[in-house]
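Coordinates in review
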Amino acid sequence: NAGVTQTPKFRILKIGQSMTLQCTQDMNHNYMYWYRQDPGMGLKLIYYSVGAGITDKGEVPNGYNVSRSTTEDFPLRLELAAPSQTSVYFCASSHDSGRAFFDADTQYFGPGTRLTVL
Amino acid sequence: KQEVTQIPAALSVPEGENLVLNCSFTDSAIYNLQWFRQDPGKGLTSLLLIQSSQREQTSGRLNASLDKSSGRSTLYIAASQPGDSATYLCAVREASGGSNYKLTFGKGTLLTVNP
């Protein structure tokens, strides 16, 4: 298993450009997440998905969009890139079992995409 | 709002030393707590996950404890090695209705183990 893969690894954007960060997992996990990590800060949740066709906002969703058409893929779309979106973006997945009280399993992370907006 | 604090922010120890990393959280209504390791320029690797009903988890030289009522967790690393050098992150999963899927992360402890 490759686990969680992300592309690209690095990207430089100009202000106002758009791009899609790709995330794929081959573990058949139902839950997927997008986080951003800024220097000296903890990770912040951008969007998450509990299954194909279902997405919801996290803590910092403004300026981003997601879709989940398949179990495996969870792309993150940046529209009109801004310098404030310069960050490292991590995709993660987990197999939350859905048992009572949301007994959640471990989250597995991709290697990250380092994005700079100039 | 849940807040997670990790102390110390950085720690440097000689090889072979036993050490403890601390994590505290403000809202004790959690489902689980997870410890991660992050190497420079890399993603996060899960080390240990403790469910809210558990008191501790062990994996090799690592032992994590959870005291939910006091809002604290510790990660104990025995006989530290230079390969343990990394940033260690603590994250809690909330139990409240609208935030079931949210992990709140601390800022991490940067550990350096000197040969």
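In this report, we go over the structure that sits alongside the text.

Thresholds, definitions, all that
Residues numbered from 1 in each chain as written. Chains lettered and ligands numbered in written order. Predicted model: local features only at pLDDT ≥ 70, side-chain atom pairs only at ≥ 80, totals over all residues. Heavy atoms only, no water. Helix = DSSP H or I, 4+ residues; strand = E, 2+ residues; numbered from the N terminus. Rg over C-alpha atoms; globule rule 2.2 N^0.38 Å. Buried < 20%, exposed > 50% of the residue type's maximum accessible area, 1.4 Å probe, protein only. Core = buried A, V, L, I, M, F, W, Y, C linked by side-chain atoms within 4.5 Å. Contact = heavy atoms within 4.5 Å. Salt bridge = Lys/Arg side-chain N within 4 Å of Asp/Glu carboxyl O. Phe/Tyr/Trp six-rings, centres within 6.5 Å; stacked < 30°, edge-to-face > 60°. Lys NZ or Arg CZ within 6 Å of the ring centre and 35° of its normal. Buried area = accessible area lost by both parts, 1.4 Å probe. Polar contact = N/O pair within 3.5 Å; in protein donor to acceptor, adjacent residues only side chain to side chain. Nonpolar A, V, L, I, M, F, W, Y, C, P; charged D, E, K, R; others polar.

Remarks on the overall build of chain B
- A count of helical and extended segments in chain B gives zero helices and eleven strands.
- Ordered by position from the N terminus, the helices and strands of chain B form the series β-β-β-β-β-β-β-β-β-β-β.
- Computed over C-alpha atoms, the radius of gyration of chain B comes to 14 Å, within 12% of the 13 Å expected from 2.2 N^0.38 for 115 residues, which places it in the range of a compact globule.
- Once the C-alpha set of chain B is aligned to its principal axes, its extents read approximately 45 × 30 × 20 Å.
- The buried share of chain B, taken over its 115 residues, is 46%.

Focus on the nonpolar core
- Counting 22 residues, the largest nonpolar core has Phe25(B), Leu33(B), Trp35(B), Leu75(B), Ile77(B), Tyr88(B) and Leu111(B) as the members making the most contacts within it.
- Non-local contacts of Tyr88(B), meaning those with residues more than four positions away in its chain, are made with Gln6(B), Leu21(B), Phe36(B), Arg37(B), Leu47(B), Leu75(B), Ile77(B), Gly108(B), Thr109(B) and Leu111(B).
- Among the nonpolar cores identified, the runner-up in size contains 19 residues, and Cys23(A), Tyr47(A), Tyr64(A) and Leu115(A) belong to it.

A word on the pattern of salt bridges
Residue and element names in this part refer to chain A.
- Within this structure, the stated rule accounts for five salt bridges over all chains.
- Between aspartate 38 and arginine 36 there is a salt bridge whose closest N-O contact spans 3.0 Å.
- Residue class for aspartate 38 comes out partly exposed when judged on its relative accessible area of 22%.
- A salt bridge links glutamate 59 to lysine 44; the nearest nitrogen and oxygen atoms lie 3.7 Å apart. Separated by 15 residues along the polypeptide, glutamate 59 in the loop between strand 6 (54-57) and strand 7 (64-66) and lysine 44 in strand 5 (residues 43-51) bring together distant segments of the chain.
- Taking relative accessible area as the criterion, glutamate 59 reaches 31% and is therefore assigned partly exposed.

Thoughts on the packing of aromatic side chains
- Under the criterion given, the structure shown has eight aromatic pairs over all chains.
- For the pair Phe90(A) and Phe109(A), a centre-to-centre distance of 6.4 Å together with 70° between the ring planes defines the contact as edge-to-face. Taken together, the residues Phe90(A) in strand 9 (residues 87-94) and Phe109(A) in strand 10 (residues 108-109) connect sequence positions 19 residues apart.
- For Phe90(A), a relative accessible area of 2% puts it in the buried group.
- With relative accessibility at 10%, the residue Phe109(A) sits in the buried group.
- An aromatic cluster is defined as three or more aromatic residues linked by ring pairs; in this entry it consists of Tyr33(A), Tyr35(A), Phe90(A), Phe109(A), Phe36(B) and Phe105(B).
- Note that Arg68(A) overlies the ring of Phe74(A), its terminal NZ or CZ placed 6.0 Å from the centroid.

With respect to the environment of Leu47(B)
- Inspection of the secondary structure assignment puts Leu47(B) in strand 5 (residues 44-51).
- Relative accessible area serves as the criterion here: at 23%, Leu47(B) is assigned to the partly exposed category.

Structural notes on the interface of chain A and chain B
- Across the boundary between the two partners, chain A contributes 25 residues, which contact 22 residues of chain B.
- Between chain A and chain B, a total of about 1900 Å² is buried, with carbon and sulfur atoms accounting for 55% of that surface.
- The tally of links between chain A and chain B comes to zero salt bridges.
- One can count one residue pair in polar contact (both at pLDDT 80 or more) joining chain A with chain B.
- Broken down by secondary-structure element, the contributors of at least two residues to the side of chain A that touches chain B are strand 4 (31-37) and strand 5 of chain A.
- A class-by-class count of the residues in the side of chain A that touches chain B yields 14 nonpolar, six polar and five charged.

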